[in-house]
Amino acid sequence: MEPTEAILAGKYPAKAHARRVVEYMRTKVPDISGVLYLEGQKDRLIEDNDGEAPFRQRRYFYYLTGCALPDSYYTYDIATDTSTLFIPPIDPESVIWSGLPLSQEEASGLFDVDHVLTTTDVAATLTHQGKVNAPSSVWTIANQVSDHITFLEFNNKDFTLLKEAIEECRVVKDKFEVALIRHANQISTLAHTEVLKRASTATNERELEAAFLERCIANGAREQAYHSIVAAGTAAATLHYVKNYEPLEGKLNLLLDAGAEFNCYASDITRTFPINGKFSPESRAIYDIVLQMQHVCINMLKEGVLWDTVHLKAHEVAIEGLLKLGILQGEKEDILKSRTSVAFFPHGLGHYLGMDTHDTGGHPDYKDKDPMFRYLRTRGKLPAGSVITVEPGIYFCRFIIEPYLCDPIHAQYINSTVLEQYWEIGGVRIEDNILVTVNGYENLTTAIKDADELESIIKLGSLERASGAKGLVV
């Protein structure tokens with residue numbers, strides 16, 4: 001396998017992406033011609049403030065350019081296979097504050113495009129492209145075209161197909177995209193490990209979030225793929241917990257769902273571990289079930305596997321484990337048919353991953369009447385080259401479970417007496433990022449998840465920090 005560093009030393013394959021997108025569009029419009037047109041995100045000021053708002057490049061634009069510069073534009077002439085990137089010209093006044101911007105020559109060396117012009121040339125270029133092969137078409141994305149762009153010279157203007165094409169093409173990653181996701185995972189692994197080392201000596205959730213961010217930024221990932229979930233104790237039963245500031249004292253476990261972003265590509269990793277370095281018997285039992293759920297499901301992955309089937313298998317393994325613990329009771333088939341396990345595993349098994357954490361092309365069906373599949377973000381068969389998260393979980397959320405206890409259909413399968421021993425766990429989730437291949441898979445996530453190893457790292461971190469603190473005493 002070619003080293004990640006060697007792959008990333010090259011250019012982001014924007015031209016190949018443009019060709020792939022056109023090939024998809026050709027399946028809908030066989031005689032397609034004309035120009036693809038995209039705009040990057042604009043720099044904006046914070047409302048009621050003269051400071052710049054955080055910038056995030058439009059992913060549709062980045063997919064065809066590899067360019068993260070704000071206020072940029074792009075065209076691709078289908079007939080001539082020619083791409084043009086338009087970047088902002090030098091503004092002498094802004095140079096005083098922000099320094100020299102990227103030049104056209106520098107941009108030509110960085111980005112996989114045929115020509116680099118300044119944004120002052122956009123209108124004239126579009127006019128020329130519209131006239132060259134009249135009648136002509138322009139393909140763009142609705143609500144992502146500036147008011148001063150008119151497309152007057154184009155006979156046909158389509159605002160829908162380009163967006164669909166990019167979303168579908170993004171599902172299957174090339175080796176450069178996989179390398180970006182793998183590198184984001186490598187950085188996130190360093191950060192997850194740092195949190196483990198600090199867990200037993202931290203006093204609140206925000207200290208651990210800070211530790212994660214520090215390691216990411218120090219290793220070249222300034223941006224996060226999403227806001228981290230740092231949930232201690234029963235807060236881990238909240239799937240998208242946002243506080244990240246509560247105290248750790250007296251709580252069993254911490255659920256850390258956090259991933260770095262590297263050059264606009266995401267990682268998405270979850271680990272659950274004992275704050276004091278030792279799982280309680282109940283926590284370990286639930287952890288082992290979730291780890292088994294993940295192990296079984298990952299081993300099912302290969303090109304063409306139906307994701308619904310993998311998700312169903314996760315529920316089957318969860319039911320078997322909860323039956324052994326006595327939390328569930330009755331026949332496995334009856335529990336599965338009644339969907340009672342959804343009380344403990346209410347979300348989908350995973351989602352596509354790429355430039356977005358919840359990446360495009362998953363075709364979810366949130367109107368599905370079956371509660372077991374309603375929140376699956378990905379449906380259908382997985383293609384080789386797709387990257388998907390596998391993130392089973394078991395949660396003890398009173399808000400979700402107590403209505404099941406009041407429903408006679410579900411209540412007969414839940415032993416409320418045994419359940420009482422598990423509320424303080426909150427929830428356990430384990431999440432890895434998996435590349436689907438023709439005959440199997442590759443796990444891009446290397447963060448530790450073996451229970452014994454997790455405990456060892458936490459204990460070792462505690463000893464190291466205690467030793468360091470003693471060394472500071474004069």
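For the chain, the name recorded in an unreviewed UniProt entry is Xaa-Pro aminopeptidase, with Venustampulla echinocandica as its organism. For the chain, the Function (unreviewed entry) comment in UniProt is given as "Catalyzes the removal of a penultimate prolyl residue from the N-termini of peptides." As recorded by UniProt, the Catalytic activity (unreviewed entry) comment attached to the chain reads in full: "Release of any N-terminal amino acid, including proline, that is linked to proline, even from a dipeptide or tripeptide."

Honestly, the overall build of the chain in this entry has me stumped. Any pointers?
From N to C terminus, the chain includes 16 helices and 16 strands. What you see for the chain is a C-alpha radius of gyration of 25 Å, in line with the 23 Å of a compact globule of 474 residues. Reported as C-alpha extents along the three principal axes, the dimensions of the chain are approximately 75 × 65 × 50 Å. The buried share of the chain, reckoned over its 474 residues, is 53%.

How do you make sense of the domain arrangement of the chain when you look at a structure like this?
Often, the extent of an interface is quoted as the loss of accessible area on bringing the components together. Segmenting the chain into domains produces domain 1 (4–171) and domain 2 (175–467). Once you take the C-alpha centre of each, domain 1 and domain 2 turn out to be 37 Å apart. On the domain 2 side, the residues contacting the 16 residues of domain 1 number 24 residues. Ranking the residues of domain 1 by area buried against domain 2 places Arg59, Arg170 and Val171 at the top, with a combined share of 33%. Taken together, the links from domain 1 to domain 2 amount to four salt bridges. Among the ionic pairs, Asp356 bridges to Arg170, the shortest N-O distance being 3.0 Å.

Before we go on, may I ask you to explain the packing of aromatic side chains in this structure?
How two aromatic rings sit relative to each other is given by the distance of their centres and the angle of their planes. What the rule picks out here adds up to eight aromatic pairs. Where Phe279 meets Tyr287, the ring centres are 5.0 Å apart and the plane angle is 40°; that geometry is what we call tilted. Judged on exposure class, the residue Phe279 and its partner Tyr287 are both buried. With 5.8 Å between their ring centres and 20° between their planes, Phe396 and Tyr422 make a pair best called stacked. One end of the pair, Phe396, is in the loop between strand E13 (393–395) and helix H13 (398–405); the other, Tyr422, is in the loop between helix H15 (416–419) and strand E14 (427–429), and 26 residues separate them in sequence. Residue Phe396 is classed as buried on the basis of its relative accessible area, which comes to 3%. On the basis of relative accessible area, Tyr422 is assigned to the buried category, the value being 5%. Three or more aromatic residues joined by ring pairs form one cluster here, namely Tyr12, Tyr62, Phe176 and Tyr265. Here Arg398 stacks its cationic end above the ring of Trp423, 4.2 Å away from the centre of that ring.

Help me out: how do you make sense of the side chain of Thr140 in this one?
Following the sequence through the fold, Thr140 ends up in the loop between strand E5 (137–139) and strand E6 (156–158). Of the residues examined, Thr140 reaches a relative accessible area of 2% and is grouped as buried. A polar contact is formed between the side chain of Thr140 and the backbone oxygen of Tyr37, at a distance of 2.9 Å. Residue contacts for Thr140: discarding those within four places in its chain leaves Tyr37, Val145, Phe151, Asp158, Phe159, Thr160 and Leu162.

Would you take a moment to explain the UniProt feature "domain: Aminopeptidase P N-terminal" (unreviewed entry) in the chain for this structure?
Per the UniProt record, "domain: Aminopeptidase P N-terminal" (unreviewed entry) is found at residues 12–147. Strand forms 17% of residues 12–147 and helix 35%; the C-alpha atoms that close the span are 30 Å apart.

Mind showing me how you'd approach the pattern of salt bridges here?
When charged atoms on two side chains of opposite charge get close, those side chains can pair. Taken as a whole and judged by the stated rule, the model has 30 salt bridges. One salt bridge in this structure joins Arg284 and Asp288, with 3.0 Å as the shortest N-O distance. Here the residue Arg284 and the residue Asp288 both occupy positions in helix H10 (residues 281–298), the gap between them amounting to four residues, near one helical turn. Via salt bridges that share partners, Arg56, Arg170, Lys173, Asp356 and Asp359 belong to a single interconnected network.

Cut-offs used in this document
Residues numbered from 1 in each chain as written. Predicted model: local features only at pLDDT ≥ 70, side-chain atom pairs only at ≥ 80, totals over all residues. Heavy atoms only, no water. UniProt positions renumbered as here; feature names shortened; annotations may be inferred. Helix = DSSP H or I, 4+ residues; strand = E, 2+ residues; numbered from the N terminus. Rg over C-alpha atoms; globule rule 2.2 N^0.38 Å. Buried < 20%, exposed > 50% of the residue type's maximum accessible area, 1.4 Å probe, protein only. Domains from an automatic or database assignment. Contact = heavy atoms within 4.5 Å. Buried area = accessible area lost by both parts, 1.4 Å probe. Salt bridge = Lys/Arg side-chain N within 4 Å of Asp/Glu carboxyl O. Phe/Tyr/Trp six-rings, centres within 6.5 Å; stacked < 30°, edge-to-face > 60°. Lys NZ or Arg CZ within 6 Å of the ring centre and 35° of its normal. Polar contact = N/O pair within 3.5 Å; in protein donor to acceptor, adjacent residues only side chain to side chain.

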